[in-house]
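So you can see what is in the structure, the chains are spelled out below.
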Amino acid sequence: ESQRFDLIYPLVEDEQYELAAKLAEKYLDFQTLVIICDKTENQQRLDEYIERFKTHNFSQFAISWHMKQNRQGDLFERFRNNQVELSKFLNNHPSLAWVQLIFNGEMGKAAAVLADLASNEVELAARKKSMLSLSKLAAYAAEVDLSVQIENINRELHLLEHQNQIDPEILLALGFEMDNMRVLQAEEMIELYISEDYTKSTEIEFRKALELLSYVEDSLEYRNKIWCAAIKKDNWLNVNLDNPLDK
């Protein structure tokens, strides 16, 4: 296959597209055919090849080529007449599947796909927030009532807002990468709020830690942690036992 391409592609570089196309069609050099369609912006020719070489999975090859070339933006336009093949390919690429669903007006399904992507996103907090926001918009645009899903999305967005409110100083001190901040779990945020290294923490941070308990599975354990940290935060050696409420 690579030898066929190496022999025929020089004709494409010389812009002898018709001669190159004839040879590529004869020897099933799909890569050259896709490149010719791309360089000449010939949608009709691309559609013709998809139909002619249907039994050879030309459409899947062409879609895959666009992905490898980082031409995802062209996928939905160039393969708009081949939704079945596009869906077949995107089943293995859910990060793009939602775009096709919105393109086809299937807002409810797009909202579900985006919500699922967001639930699995752990690398970038900003990306998770974008997915959740897009899912929420798609849910509002859906023809069916997705109020329960919207409520769940709002809950996840609220958790991310907690993360955004953490003092960058403590995050930097503990080695977190601020420019590409990963997604923090509620338990991690609680640990940050009550950390002994967080010397500037006040009752506000401890209140936020308590608010996060609704996101924690074993809330009793973390509730005890928070109150223990709050007690240890004060210097009990200087307490006036005669007037314990007096600062």
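**Quick word on the environment of Glu 187**
- Following the sequence through the fold, Glu 187 ends up in helix 13 (residues 186-193).
- On the basis of relative accessibility, which here comes to 25%, the residue Glu 187 falls in the partly exposed class.
- Between the alpha carbons of Glu 187 and Ile 35 there is a distance of 51 Å; along the sequence they are 152 residues apart.
- Glu 187 has contacts with Val 216, Glu 217 and Tyr 222, leaving out every residue within four places of it along the chain.

**Observations concerning the pattern of salt bridges**
- Under the counting rule described, the total for this entry stands at 14 salt bridges.
- We note a salt bridge from Glu 25 to Arg 52, for which the minimum N-O separation is 3.2 Å. You can see Glu 25 sitting in helix 2 (residues 17-26) and its partner Arg 52 sitting in helix 4 (residues 43-52), a full 27 residues away along the chain.
- As a salt-bridge pair, Arg 207 and Glu 211 come within 2.6 Å of each other at their nearest N and O atoms. Note that Arg 207 and Glu 211 are positioned in helix 14 (residues 203-211) at a spacing of four residues, about one turn of the helix.
- Each of Asp 38, Arg 71, Asp 74 and Arg 78 takes part in a single network of salt bridges with overlapping partners.

**Looking at unusual backbone geometry**
- A positive phi is found at Glu 15, a non-glycine position, where the angle reads about 65 degrees.
- By secondary structure assignment, the location of Glu 15 is in the loop between helix 1 (2-13) and helix 2.
- Of note in the backbone geometry, Asn 70 takes a positive phi value of approximately 55 degrees without being a glycine.
- Relative to the assigned elements, Asn 70 resides in the loop between helix 5 (58-68) and helix 6 (72-78).

**Focus on the nonpolar core**
- Within the largest apolar cluster, 32 residues are counted, with the highest numbers of intra-cluster contacts made by Val 12, Leu 33, Tyr 49, Phe 58, Leu 75, Phe 79 and Leu 90.
- Every element with two or more residues in this core is listed here: helix 1, helix 2, helix 3 (30-40), helix 4, helix 5, helix 6, helix 7 (83-90) and helix 8 (94-103).
- The biggest single contributor to this core is helix 3, with six residues.
- With sequence-adjacent residues up to four places away left out, Tyr 49 is seen in contact with Ala 21, Glu 25, Leu 33, Cys 37 and Phe 58.
- Of all hydrophobic cores here, the second largest spans 23 residues; its members include Leu 184, Met 189, Ile 194 and Phe 206.

Calculation criteria
- Residues numbered from 1 in each chain as written.
- Predicted model: local features only at pLDDT ≥ 70, side-chain atom pairs only at ≥ 80, totals over all residues.
- Heavy atoms only, no water.
- Helix = DSSP H or I, 4+ residues; strand = E, 2+ residues; numbered from the N terminus.
- Buried < 20%, exposed > 50% of the residue type's maximum accessible area, 1.4 Å probe, protein only.
- Contact = heavy atoms within 4.5 Å.
- Salt bridge = Lys/Arg side-chain N within 4 Å of Asp/Glu carboxyl O.
- Core = buried A, V, L, I, M, F, W, Y, C linked by side-chain atoms within 4.5 Å.

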